[in-house]
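Chain residues, written in single-letter form:
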2 protein chains.
Amino acid sequence: MTAPEPSKTLVELERDILDKNNRLAERNRGFFEARDILALNLVSSPGSGKTALLERTLTDIGGKINFAVIEGDQQTSRDAERIAAAGSAVVQINTGKGCHLEASMVHDAIRQLQPEGNSVVMIENVGNLVCPSLFDLGESKRVVVISITEGEDKPIKYPDMFRSADLCVINKIDLLPYLKFDLNALRDYALQVNPKLEFLEVSATVGTGMEAWYQWIQQARPSA
Amino acid sequence: MTAPEPSKTLVELERDILDKNNRLAERNRGFFEARDILALNLVSSPGSGKTALLERTLTDIGGKINFAVIEGDQQTSRDAERIAAAGSAVVQINTGKGCHLEASMVHDAIRQLQPEGNSVVMIENVGNLVCPSLFDLGESKRVVVISITEGEDKPIKYPDMFRSADLCVINKIDLLPYLKFDLNALRDYALQVNPKLEFLEVSATVGTGMEAWYQWIQQARPSA
């Protein structure tokens, strides 16, 4: 059983929205390129630990690399407050009823943040494994974060997200002894939908594997 | 900073879609009412354990209560296979690019399932804390499942979902010793957005608290 075919009007309207988004995303991409900025779009389920990953990253290497952060949430500025406390320039976007960030929001945010040349812009998307996959923000790389508490089969249940990602950060590996979780099965499922996907295993709270994440960031920078 | 105002056309179109959905939801509600069926709409983030909760429920009390299950996922029929293995009639709905179930999909599914009088219909929505909150399916009660690995602040970050729910099932409490998680803070945040919300604490894998969940189901049935 599949979803009913939407009306032609809706399909056309979706296409218009995505076309407009894709054009603005390229404008963001040009902005990042002009300033030698690495822009990462962090996507995941709610609660997979994106903010904790950012907090630790800013604390550990914020002295060496200039970061600017864009925080997306339906409501609250809690994440922006956590990021500001970790010492980074940050803009919070509240999407209200919206379920994803769009290129226009990032466009406004980077003009407000004015990230410096050779910096790293971290865009924390709304926690949602479906809708954000459709919206290019102009990022250099898309990073999907998955917590091992979510189960191995998420890549095949939400294939668009894993197909569109460059890196999969497997988080909360400190909980591995307490869960029935098969890391190899997760990788196999993810590679089924995206054979080029890279993987890192970390615990943002305990610190395991963070060094490899920092190296990945360094190597992804335009200056590398 | 807030999301840009969408065009009037889009707002109108959204209203049309929701109006149509709400009418069909009432039709589903009438169907359930006519057969004295309790219909639960289970919503959550991906990986919070909705399917595990259903599996254990079917295994434990499937002999006493007639269940029928509607499974929503972007892709795969994995959940339907798990539910069928636990002995229940089940229909899988794949939403494709869609991020939520709609009343029309449930309408088609219940005509296919033909749930018996006095049964319980479990509708497992797509894992997503944003979009499913907008779509009434005609359910008797909405149950939001949250895993304690997701953090305490989800109710205020995704308020629409917690505001629209009747019951909050807090899952994976067997992991409490290994996490920094404050159950009282979660309850406080959830009550801020929805003072009438009820709570249950369970571990669907270990079995803790499941008896209270079964009692809740029994008391919610039209025959109770």
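Going by the structure above, here's the rest.
First, a word on what this report is: a plain description of the structure on this page. (Residues numbered from 1 in each chain as written. Chains lettered and ligands numbered in written order. Predicted model: local features only at pLDDT ≥ 70, side-chain atom pairs only at ≥ 80, totals over all residues. Heavy atoms only, no water.)

Some thoughts on the pattern of salt bridges
At step 1: Following the criterion strictly, the structure yields 27 salt bridges over all chains and no others.
At step 2: The salt bridge partner of Asp60(A) is Arg56(A), with a shortest N-O separation of 3.8 Å. Taken together, the positions of Asp60(A) and Arg56(A), both in helix H2 (residues 50-61) and four residues apart, correspond to about one turn of that helix.
At step 3: Given the relative accessible area of 40%, Asp60(A) is considered partly exposed.
At step 4: Here Asp160(B) makes a salt bridge to Arg163(B), at a shortest N to O gap of 3.4 Å. One end of the pair is Asp160(B) and the other is Arg163(B), both in helix H6 (residues 159-163) and three residues apart, which spans about a single turn.
At step 5: For Arg163(B), a relative accessible area of 46% puts it in the partly exposed group.
At step 6: One connected set of salt bridges, linked through shared partners, spans Glu55(A), Arg78(A), Asp79(A), Arg82(A), Asp153(B), Lys154(B) and Lys157(B). (Salt bridge = Lys/Arg side-chain N within 4 Å of Asp/Glu carboxyl O. Helix = DSSP H or I, 4+ residues; strand = E, 2+ residues; numbered from the N terminus. Buried < 20%, exposed > 50% of the residue type's maximum accessible area, 1.4 Å probe, protein only.)

Quick notes on the state of the cysteines
At step 1: Overall, the coordinates contain zero disulfides over all chains when judged by the stated rule.
At step 2: Looking at the unpaired Cys168(A), the closest cysteine sulfur is the one in Cys131(A), lying at 19 Å. (Disulfide = S-S within 2.5 Å.)

Looking at the nonpolar core
At step 1: Counting 54 residues, the largest nonpolar core has Phe162(A), Ile170(A), Phe162(B) and Ile170(B) as the members making the most contacts within it.
At step 2: When residues no more than four places from it in sequence are discounted, the contact partners of Ile170(B) are Ile146(B), Ile148(B), Leu183(B), Leu186(B), Phe199(B), Leu200(B), Glu201(B) and Val202(B). (Core = buried A, V, L, I, M, F, W, Y, C linked by side-chain atoms within 4.5 Å. Contact = heavy atoms within 4.5 Å.)

Some thoughts on the packing of aromatic side chains
At step 1: Summed over the entire model, instances satisfying the criterion amount to five aromatic pairs over all chains.
At step 2: With a centroid separation of 6.3 Å and 85° between ring planes, the pair formed by Phe31(A) and Phe32(A) is classed as edge-to-face. Neither residue differs from the other here; Phe31(A) and Phe32(A) are each classed as buried.
At step 3: Seen in terms of ring centroids, Tyr178(A) and Tyr178(B) are 3.4 Å apart; in terms of plane orientation they differ by 5°. Their pairing is stacked. (Phe/Tyr/Trp six-rings, centres within 6.5 Å; stacked < 30°, edge-to-face > 60°.)

With respect to the sheet that holds strand S1 (residues 38-44) of chain B
Residues and elements named next belong to chain B.
At step 1: Taken together, seven strands build an open sheet; the order of strands is S3-S2-S4-S1-S5-S6-S7 and the sheet is parallel. If you trace the sheet from one side to the other, it starts and ends with strand S3 (89-94) and strand S7 (198-201), each paired once. The average angle at which neighbouring strand axes cross in this sheet is 20°, direction not considered.
At step 2: Most of the contacts of helix H7 (residues 183-193) go to S7, to which it runs at about 155°, and overall it touches strand S5 (141-147), strand S6 (167-171) and S7. (Pairing = 2+ DSSP bridges. Axes fitted to C-alpha atoms, helices over the stretch in contact; angles between N-to-C directions.)

Looking at the sheet that holds strand S3 (residues 89-94) of chain A
Residues and elements named next belong to chain A.
At step 1: Spatial ordering of the open sheet is given by S3-S2-S4-S1-S5-S6-S7, a layout of seven strands whose pairing is parallel. The open sheet has two edge strands with one neighbour each: S3 and strand S7 (198-201). On average, each strand axis in the sheet is inclined to that of its neighbour by 20°, with strand direction left out of account.
At step 2: For strand S2 (residues 67-73) and strand S4 (residues 120-124), the ladder comprises five bridges, and the chain directions are parallel. Pairing of Val69 across the sheet is with Met122, part of S4.

Let's talk about the relation of the copies chain A and chain B
At step 1: For the pair chain A and chain B, the superposition axis carries a translation of 0.0 Å, the fit reaches an RMSD of 0.0 Å, and the rotation angle comes to 180°. When the rotation and shift are considered jointly, the pair of chain copies conforms to a two-fold rotation axis.
At step 2: Of the residues that chain A buries at the interface, 100% are likewise interface residues in chain B, meaning the two copies contact each other through the same surface. (Least-squares fit on C-alpha atoms with pLDDT ≥ 70 in both.)

Overview of the side chain of Glu139(A)
All names here are of chain A.
At step 1: If you trace the backbone, Glu139 turns up in the loop between S4 and strand S5 (141-147).
At step 2: Looking at Glu139, the relative accessible area reads 6%, which means it is buried.
At step 3: A distance of 2.9 Å separates a polar side-chain atom of Glu139 from the backbone nitrogen of Leu137.
At step 4: Once residues within four sequence positions are removed from consideration, Glu139 is found in contact with Arg29, Ala39, Leu40 and Asn41. (Polar contact = N/O pair within 3.5 Å; in protein donor to acceptor, adjacent residues only side chain to side chain.)

Concerning the environment of Leu200(A)
Residues and elements named next belong to chain A.
At step 1: Considering the arrangement of structural elements, one finds Leu200 in strand S7.
At step 2: For Leu200, a relative accessible area of 14% translates into the label buried.
At step 3: On a C-alpha basis, the gap between Leu200 and Val169 in space is 4.9 Å, while along the polypeptide they are 31 residues apart.
At step 4: Apart from the residues lying within four places of it in its own chain, the contact partners of Leu200 are Leu167, Cys168, Val169, Ile170, Ala212, Trp213 and Trp216.

A word on the environment of Asp16(B)
All names here are of chain B.
At step 1: By the element assignment, Asp16 lies in helix H1 (residues 8-34).
At step 2: For Asp16, a relative accessible area of 48% corresponds to the partly exposed category.
At step 3: Spatially, the C-alpha atoms of Asp16 and Glu124 are 25 Å apart, while their sequence positions differ by 108 residues.

Comments concerning the interface of chain A and chain B
At step 1: Chain A puts 50 residues into the contact, and the matching count from chain B is 52 residues.
At step 2: Here chain A and chain B share an interface that buries about 4200 Å² over both sides, 61% of which is from carbon and sulfur atoms.
At step 3: At the junction of chain A and chain B, the tally comes to six salt bridges.
At step 4: Notably, a salt bridge pairs Lys157(A) with Asp79(B), separated by 2.9 Å at the nearest N-O pair.
At step 5: Of all the elements in the fold, those that place two or more residues in the side of chain A that touches chain B are helix H1 (8-34), helix H3 (78-85), S3, helix H4 (103-113), helix H5 (154-157) and helix H6 (159-163) of chain A.
At step 6: Of the residues forming the side of chain A that touches chain B, the biggest block, five residues, is contributed by H4(A).
At step 7: Looking at the side of chain A that touches chain B residue by residue, the class counts come to 24 nonpolar, 15 polar and eleven charged. (Buried area = accessible area lost by both parts, 1.4 Å probe. Nonpolar A, V, L, I, M, F, W, Y, C, P; charged D, E, K, R; others polar.)

Points about the side chain of Lys157(B)
At step 1: Residue position: Lys157(B) is located in helix H5 (residues 154-157).
At step 2: Beyond its immediate sequence surroundings of up to four residues, Lys157(B) is in contact with Asp73(A), Gln74(A), Gln75(A), Thr76(A) and Asp79(A).

From the geometry alone we can't say anything about function, so treat these as descriptive.
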